[in-house]
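One letter stands for each residue in the lines below.
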Amino acid sequence: QALPLLIRGLSATNSCVRFGSSEVLGLLGTDAVSAAPALLAAFHAETELPQIFALSLVQVSSDCSATLPRLCTILRNTTNSYHLQSVLMVLQSAGHQAAPALPEVLKLATAPNSASAVHDLRPMALGILARISPDPQIALPPILSALNAPMPDRVLLRPSAIRALGNLGAAGLP
């Protein structure tokens, strides 16, 4: 019964209502699959944080294909850590469907430590590589490199690299 109200909330002028409606729809998961077209329309209409709608769309429909071009553009053109982190969360939720974003995630995962805003996202990007890469051999080199990173990067990257190897399963074994 609340579904029509939440769908209507996606087009509200108040961003808190739009984002809140999107979040609740995402929490409903596949029970809200009928909201997918409205979430996609909200994603395309949003100028501030379209990734919020993309995440909810993945949660209700398991499909991120229509959002990937714009999400990849955000990854390429944004230095805002919050925006980058929220896009990475969408990609992580999408799994292998997000494989077209692999080049951008690889750049974030292997960014030099002097790239200030991106530096903090390397551990997250490393973890996502194993989830979105359809070929473990693509994800493996940066993950292994992170395991052997010099100090102080080793402290930052090693836990994420170990988790990524675990996500690769047998494919991550030497």
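You'll find the structure just up there.
Residues numbered from 1 in each chain as written. Predicted model: local features only at pLDDT ≥ 70, side-chain atom pairs only at ≥ 80, totals over all residues. Heavy atoms only, no water.

**Observations regarding the overall build of the protein chain**
Secondary structure summary: the protein chain contains 11 helices and 0 strands in total. Walking the protein chain from its N terminus toward its C terminus, one meets helices and strands in the order α-α-α-α-α-α-α-α-α-α-α. Each principal axis of the C-alpha distribution contributes one length, and for the protein chain these read about 55 × 35 × 25 Å. The buried share of the protein chain, reckoned over its 174 residues, is 46%. Summing over all exposed atoms, the protein chain offers an accessible surface of approximately 8,600 Å²; the carbon and sulfur share of this is 60%. (Helix = DSSP H or I, 4+ residues; strand = E, 2+ residues; numbered from the N terminus. Buried < 20%, exposed > 50% of the residue type's maximum accessible area, 1.4 Å probe, protein only. Areas by Shrake-Rupley, 256 points an atom, 1.4 Å probe, with all protein chains shown as cover.)

**Remarks on the environment of Y82**
Relative to the helices and strands, Y82 resides in helix α6 (residues 81-94). When the C-alpha positions of Y82 and L121 are compared, they lie 9.7 Å apart, and in sequence the two are 39 residues distant. When neighbours within four sequence positions are excluded, Y82 is seen to be in contact with L49 and I52. (Contact = heavy atoms within 4.5 Å.)

**Comments concerning the layout of surface pockets**
Considering only enclosed or pocket space, the largest pocket measures out at about 240 Å³ in volume. Breaking the lining of the largest pocket down by element, the ones donating at least two residues are α2 (15-28), α4 (50-61) and α6. At 5 residues, the largest contribution of residues to the lining of the largest pocket is made by α4. Per-class residue counts for the lining of the largest pocket are 7 nonpolar, 5 polar and 1 charged. (1 Å grid on protein atoms, 1.4 Å probe; cavity = no way out; pocket = protein on both sides within 12 Å on 5 of 7 lines; lining within 4 Å. Points joined across faces, edges and corners; volume = space filled by probe spheres on them. Nonpolar A, V, L, I, M, F, W, Y, C, P; charged D, E, K, R; others polar.)

**Observations regarding the packing of aromatic side chains**
Within the structure shown, the criterion is met by 1 aromatic pair. Here the aromatic rings of F19 and F53 are separated by 5.9 Å at their centres, their planes lie at 55 degrees, and the arrangement is tilted. Of this pair, F19 sits in helix α2 while F53 is found in helix α4, placing the two residues 34 residues apart along the sequence. Among the residues examined, F19 registers a relative accessible area of 15% and is labelled buried. The residue whose ring lies beneath R18 is F19, and the NZ or CZ to ring-centre distance is 5.6 Å. Between R70 and the ring centre of F43, over which it is positioned, the NZ or CZ distance is 5.2 Å. (Phe/Tyr/Trp six-rings, centres within 6.5 Å; stacked < 30°, edge-to-face > 60°. Lys NZ or Arg CZ within 6 Å of the ring centre and 35° of its normal.)

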